[in-house]
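Chain residues, written in single-letter form:
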Amino acid sequence: MRTKTFSHFIAITLIATLSLQACKDDSNLTTPLPLPDKSFTESFDNYAEAYAKGWRSINTSTPNGRKWYDIAEAPNMGSVNYVSIYYPGWEQAQFSLDSLQFPTAPYPQRYWKNAFYSQRASNGYVASSIASAEPISLNGSTDPFTVSCWLVSPEQQIKNGDRIVFYSYCKDLCRMQVWINKKNTLSVGSNAATTGDFDIKLLDINSGYDRFETNPAKAYPTEWTRFEAEVKGLTEPVIGRFAFRYLLQTQPQILTSVADPTNYDTLYTQIHKTVVGIDELNYISAK
């Protein structure tokens, strides 16, 4: 009798155990783990260091540009900053000449704005200009030019709701876009009309090419201004890249002085009006 009772007890215990296991909540085994926070800051205080982290300048402008060396008409050769370089792409911003050294020269009118914030130097930001294209014909052509110059981020975990916050300014004429690339490549297309694997546009600043002197409300800001782009359009988190695209489409060639074709100060002043800067970028992962 005791044996039957004990066996009955064991059977009931097994049934109860199996029932409890069947009721156990295993949803945690199928719920994806939260993604790690991939927020970061890039100040561009030193472009060489940003390059080492994976930032890349890719220029698909038409025709492609070259370096322009801006020299004051009467420079003081004792000054270490008598030359300013306009690069055909994104590069370190330039220092401005001391206006006290050149009180009558045109160059002091071409100041490079100080960084929005820098722990190192006043030129602690990344910049570009229409020197990314060829803004003046060297063979008599009157064909327009198009600037399409990309600043591509290192690979990054990207998901909907992430925010790209940055500060920017332009001296006069500028258009800036922010794009997402889900494929984690550096493909920005083969020419100024294409965007390659960057197929999600998050932001388009001054798409109407307004100028500050004619429409300041819509023009690209001439002072450091905060912009924010929120990641949207992804079906799932990806390892990809984001990029800034400096875009000026079908622009007329700029001219040197008609009265003095060798007066390149007129040329440099026009190039300088298109200088655009990016500083204090923050990539903020959504919680």
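Residues numbered from 1 in each chain as written. Predicted model: local features only at pLDDT ≥ 70, side-chain atom pairs only at ≥ 80, totals over all residues. Heavy atoms only, no water.

Participant: Tell me about the environment of Q270, and name the residues and values.
Facilitator: One can find Q270 in helix 3 (residues 264-272). Residue class for Q270 comes out partly exposed when judged on its relative accessible area of 27%. Taking the C-alpha atoms as reference points, Q270 and I130, 140 residues apart in sequence, are found 9.2 Å from one another. The residues contacting Q270, other than those within four sequence positions of it, are I130, I254 and L255. (Helix = DSSP H or I, 4+ residues; strand = E, 2+ residues; numbered from the N terminus. Buried < 20%, exposed > 50% of the residue type's maximum accessible area, 1.4 Å probe, protein only. Contact = heavy atoms within 4.5 Å.)

Participant: Provide a residue-level description of the packing of aromatic side chains, including the pertinent values.
Facilitator: Counted under the stated rule, the structure contains 20 aromatic pairs. When the ring of W90 is compared with that of Y246, the centres are 6.4 Å apart and the planes differ by 70°; the resulting orientation is edge-to-face. With W90 in the loop between strand 4 (83-86) and strand 5 (91-92) and Y246 in strand 13 (residues 238-251), the pair connects residues that are 156 residues apart, well separated along the chain. Using a relative accessible area of 0% as the deciding quantity, one classes Y246 as buried. Ring centres of Y125 and Y169 lie 6.0 Å apart, and the angle between their planes is 70°; this geometry places the pair in the edge-to-face category. With Y125 in the loop between strand 5 and strand 6 (126-128) and Y169 in strand 9 (residues 163-170), this pair connects stretches of sequence that are 44 residues apart. (Phe/Tyr/Trp six-rings, centres within 6.5 Å; stacked < 30°, edge-to-face > 60°.)

Participant: Before we move on, can you summarise the pattern of salt bridges with the specific residues and values?
Facilitator: In this structure the tally under the stated criterion is 14 salt bridges. Linking R66 and E134 is a salt bridge whose minimum nitrogen-to-oxygen distance equals 3.0 Å. Of the two residues, R66 sits in the loop between strand 2 (56-59) and strand 3 (68-71) while E134 sits in the loop between strand 6 and strand 7 (145-152), which places them 68 residues apart along the sequence. On the basis of relative accessibility, which here comes to 31%, the residue R66 falls in the partly exposed class. When its relative accessible area of 13% is taken as the criterion, E134 is described as buried. In this structure, D162 engages K159 in a salt bridge whose closest nitrogen and oxygen atoms are separated by 3.2 Å. On the basis of relative accessible area, K159 is assigned to the buried category, the value being 13%. Via salt bridges that share partners, R163, R226 and E228 belong to a single interconnected network. (Salt bridge = Lys/Arg side-chain N within 4 Å of Asp/Glu carboxyl O.)

Worth remembering: the numbers are spatial, not functional.
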